[in-house]
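Tertiary structure, described
Single-letter residue listing:
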Amino acid sequence: MIREENGIFPAVCPLDCPDTCGLLLHKENGKIVKVTGNPDHPITQGAICNKVRNMTERVYHPERVLYPLRRVGRKGEGKFERISWDEALAEIADRYRKLIKEHGPESILPYSFYGNMGILSVDGMDRRFFNRLGSSQLQQGICNSAGSAGWKYTMGFGGGTSPEDTVKAKLIIIWGGNLVSTNMHQIALIEKARKQGAKLVVIDVHRNRTGQRADWFIPLYPGTDSALALGMMHVLFERGLVNEPFMERYTTGYAELREHVKQYTPERVSAITGVPADDIVQLAVMYGETSPAYIHIGNGLQHHDNGGMTVRTISCLPALTGQWLVPGGGAYKSNGGYNKMNAEALERPDLRPNPAARTISMNRIGEALLTLDPPIYALFVYCANPAVVAPDTGKVERGLSREDLFTVVHDLFLTDTAKYADIVLPATSTFENTDLYASYWHHYVQIQEPVIPAQGESKSNVEVFRLLAAAMGFEEAAFRDTEEDLIRQALDYPANPYLRTVTLEGLKERRMIKLDMTHKERYLDNLATPSGKIELYSAQMAEEGLPPLPTYTPLREGYDGENRPGTQEAYPLMFISPPNHSFLNSTFGNVEKLTALEKQPTLQIHPEDAAARSIADGERVVVWNERGSYEALAAVTDKMLPGVVISQGLWWDRDGKRSRANALTPDRLADMGGGAVFFSTAVDVKRQ
């Protein structure tokens, strides 16, 4: 494909998005001129989002980094000089050898996430390199780790309802997710179900694009979702809307749960959540009497102090009603367990000389850079932009500004993070690489092969870490593996029966292969909980000092409807910063077509809160707390309950404006899984 100047070629969307779309790249004279959807993909069926339609603007962006760079200005100033790859590799290797000699290998920290979802890009040669180096280890808990832990305590296995089955549902509850912007093909399946008579209920703190589509939108206070689920359980048990035979066969702890939820009356839950008591009863009865009933658990509600328990609690609901046995019923949090690959073969932890090396949470990177003892003296950032995306960015900036911190960034652009780097390495785009892609929503594995040559002197993650291994003198055969070797090793995993149908040869021939889902027919008989059943009561959680039954715990920062602060409180508003429609985290934040659609950061504020502060629609405001401040344009709206303010999107700093929402967010960790708590943030707002 790379040598053909003209034609239409298959590709895969690399974004951190459940849909993992099949794409078609249109080439003319050796250049990609258009990106469209691949109609042959069984799930995405040729439809793609506007972000990806504009992917060429990113690939051929005039600001793309095409050569290695060395810093010549102050950290954060963004001034660099061009150097050669040989110079860059030699400098990195020399600095690493010196640091290892003086401070030990744990003075070096890799920082990465899923800016590119290619398995080789983030879980392959990079992991091998840092394992062999003996660096500190990174806990990647910024996205879904709290909810995944909560789901695991209840269900054990990291999988749920298949997308194709959701069209059979008669009741669909989207709980805490803006799927119109973040999972558009699930919305397409939901619309098919609605044409067949299904009802859509959306539960969220914000009447976003998804909430506006709902047959019934239910707003609630941030972080109170578990209380609402417990209130539903109260009604289900009280009114006999539970499936006793299912619970007896497939669950543990249902008798204890029945007694436990008696305290969560509709009246009490209403006071906590802001949802009227009659609505709580109506929702529970609707859920208990409708079959199939499907719950789609979104990403947003786990980004709270109580985020893990929230997902655990909601995930219990299908067990009470037996919806797991009904085609189209059940729930989804992530389907990543179905395509789990051979991580040990890919990452090679056996290469690590210090298996007990310290682990550092990516959510606390600012604190780690500033206070960790022994200190971090070198940071290698790839597939991530922590200066914008990480919590408490004031701390992150101060940490990145340390003159004694040697920072390397491998990226396509001089991101806000790259401006603090000592060395910037040019990265290839996904369309210039060979990589393997698996969705955490649908059941198709896909391969990407290069469609265009590497632009400038850019290199893939696999190639960079292979070269760094050579520069460090690592002689293990693992560093000579090709991309095809890595793919074969990832897929060679007999422990996962779902992978049996997927081979490299099959992928090269067909581009995409569906997992062998026949094993899912015995889903409830193969749960990986300690009991082998759905655990409504978890002895494991009790042993770990966590509430063994689903429980509502108020946020550490913020409030609920029972405990609303008065105007005398320093920070009486709850601040939520979910994704906007045109960016994916900070990706596309420098693409002019997409930034023009979003225009500028806005703060949605309820008319009551705006009036109390003499703020008019369209005025510039400052949002602040003890961590920092954020400038935005006020949008006065009733799309959320009073006391809640919403700002969508993660913006790059431009024109000297303070436009980082995460300057306000805390770097605390959630109740489980080491998750981030972006949305447990209290602020106040004033006119600028």
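Calculation notes
Residues numbered from 1 in each chain as written. Predicted model: local features only at pLDDT ≥ 70, side-chain atom pairs only at ≥ 80, totals over all residues. Heavy atoms only, no water. Helix = DSSP H or I, 4+ residues; strand = E, 2+ residues; numbered from the N terminus. Expected span 1.5 Å × (residues − 1). Buried < 20%, exposed > 50% of the residue type's maximum accessible area, 1.4 Å probe, protein only. Contact = heavy atoms within 4.5 Å. Salt bridge = Lys/Arg side-chain N within 4 Å of Asp/Glu carboxyl O. Core = buried A, V, L, I, M, F, W, Y, C linked by side-chain atoms within 4.5 Å. Phe/Tyr/Trp six-rings, centres within 6.5 Å; stacked < 30°, edge-to-face > 60°. Lys NZ or Arg CZ within 6 Å of the ring centre and 35° of its normal. Pairing = 2+ DSSP bridges. Axes fitted to C-alpha atoms, helices over the stretch in contact; angles between N-to-C directions. Parallel < 35°, antiparallel > 145°, perpendicular 65-115°, else oblique. Left-handed = near helix turned anticlockwise from the far one by under 90°. Nonpolar A, V, L, I, M, F, W, Y, C, P; charged D, E, K, R; others polar.

This brings us to helix 9 (residues 225-238). If you check helix 9, its first and last C-alpha atoms are 20 Å apart, about what 14 residues at 1.5 Å a residue would give, namely 20 Å. Burial runs high along helix 9: 13 of the 14 residues are buried. Count one or two residues on from helix 9 and you reach Gly-240, which has phi positive near 70 degrees.

Here the focus is the environment of Thr-359. Summarising the element assignment, Thr-359 is placed in strand 14 (residues 359-361). Residue Thr-359 is classed as exposed on the basis of its relative accessible area of 51%. Spatially, the C-alpha atom of Thr-359 lies 10.0 Å from that of Gln-140, the residues being 219 residues apart in sequence. Residues contacting Thr-359, with those up to four places away along its chain left out, are Gln-137, Leu-138 and Gln-139.

Enumeration according to the criterion identifies 45 salt bridges in this entry. Between Arg-207 and Asp-638 there is a salt bridge, with the nearest N and O atoms lying 3.5 Å from each other. Of this pair, Arg-207 sits in the loop between strand 9 (199-204) and strand 10 (216-219) while Asp-638 sits in the loop between strand 25 (628-636) and strand 26 (644-646), and the two are 431 residues apart along the sequence. For Arg-207, a relative accessible area of 26% gives the class partly exposed. For Asp-638, a relative accessible area of 48% puts it in the partly exposed group. Bridged by salt links that share partners, the residues Asp-305, Glu-557, Glu-626, Arg-627 and Arg-668 form one connected network.

Counting 153 residues, the largest nonpolar core has Tyr-96, Tyr-111, Phe-129, Trp-175, Leu-317 and Phe-380 as its most contacted members. In terms of residue count, helix 9 provides more of this core than any other element does, nine residues in total. The contacts of Leu-317, once residues within four sequence positions are left out, are Trp-175, Ala-229, Met-232, Met-233, Leu-236, Tyr-287 and Ile-295. Counting 40 residues, the second-largest nonpolar core is a separate cluster that includes Leu-23, Val-52, Met-55 and Ala-634.

Tallied over the entire structure, the rule returns 21 aromatic pairs. When the centroid spacing of 5.8 Å and the interplanar angle of 40 degrees are considered together, the rings of Phe-129 and Phe-465 count as tilted. With Phe-129 in helix 5 (residues 125-133) and Phe-465 in helix 20 (residues 461-471), this pair connects stretches of sequence that are 336 residues apart. Like Phe-129, the residue Phe-465 is buried in the burial classification. Considering the side-chain rings of Phe-380 and Phe-465, the 5.1 Å spacing of their centres and the 45 degrees angle between planes classify their relative orientation as tilted. Of the two residues, Phe-380 is situated in strand 15 (residues 378-382) and Phe-465 in helix 20; the sequence distance between them amounts to 85 residues. Relative accessible area serves as the criterion here: at 0%, Phe-380 is assigned to the buried category. Classification of Phe-465 by relative accessible area gives buried; the value is 0%. Cation over ring: Lys-31 sits above Tyr-60, and NZ or CZ is 4.7 Å from the ring centre.

Spatially, the three strands line up as an open sheet ordered 1-2-3, and their pairing is antiparallel. Strand pairing shows two members of the sheet lacking a second neighbour, strand 1 (7-12) and strand 3 (31-37), which therefore form its edges. Neighbouring strand axes in the sheet, compared pairwise and without regard to direction, differ in orientation by 30 degrees on average. Bridge count between strand 2 (residues 22-28) and strand 3: six bridges; the pairing is antiparallel. Bridge pairing in strand 3 places Lys-27 opposite Ile-32.

For the rest of this paragraph, the subject is the packing of helix 9 against helix 14 (residues 307-315). Where helix 9 meets helix 14, the closest approach of the two axes is 8 Å, and the angle between their N-to-C directions is 25 degrees. Judged on the interaxial angle alone, helix 14 and helix 9 are roughly parallel. Crossing hand, helix 9 versus helix 14: left-handed. Note on element contacts: helix 14 touches helix 9 through Thr-310, Thr-313 and Ile-314, opposite Asp-225, Ser-226, Ala-229, Leu-230 and Met-233. Here the contact of helix 9 with helix 14 is composed, by residue class, of four nonpolar, three polar and one charged.

In this section: the sheet that holds strand 10. A sheet is described by the order of its strands in space; here five strands give the open sequence 10-9-8-12-13, paired in parallel fashion. At either margin of the open sheet sits one strand with a lone partner, and together these are strand 10 and strand 13 (330-332). Shown here is a sheet whose adjacent strand axes are inclined to one another by a mean of 15 degrees, direction ignored. Pairing geometry for strand 8 (residues 171-175) and strand 12 (residues 293-297), over five bridges, is parallel. Note that in strand 12 the partner of Leu-171 across the bridge is Ala-293.

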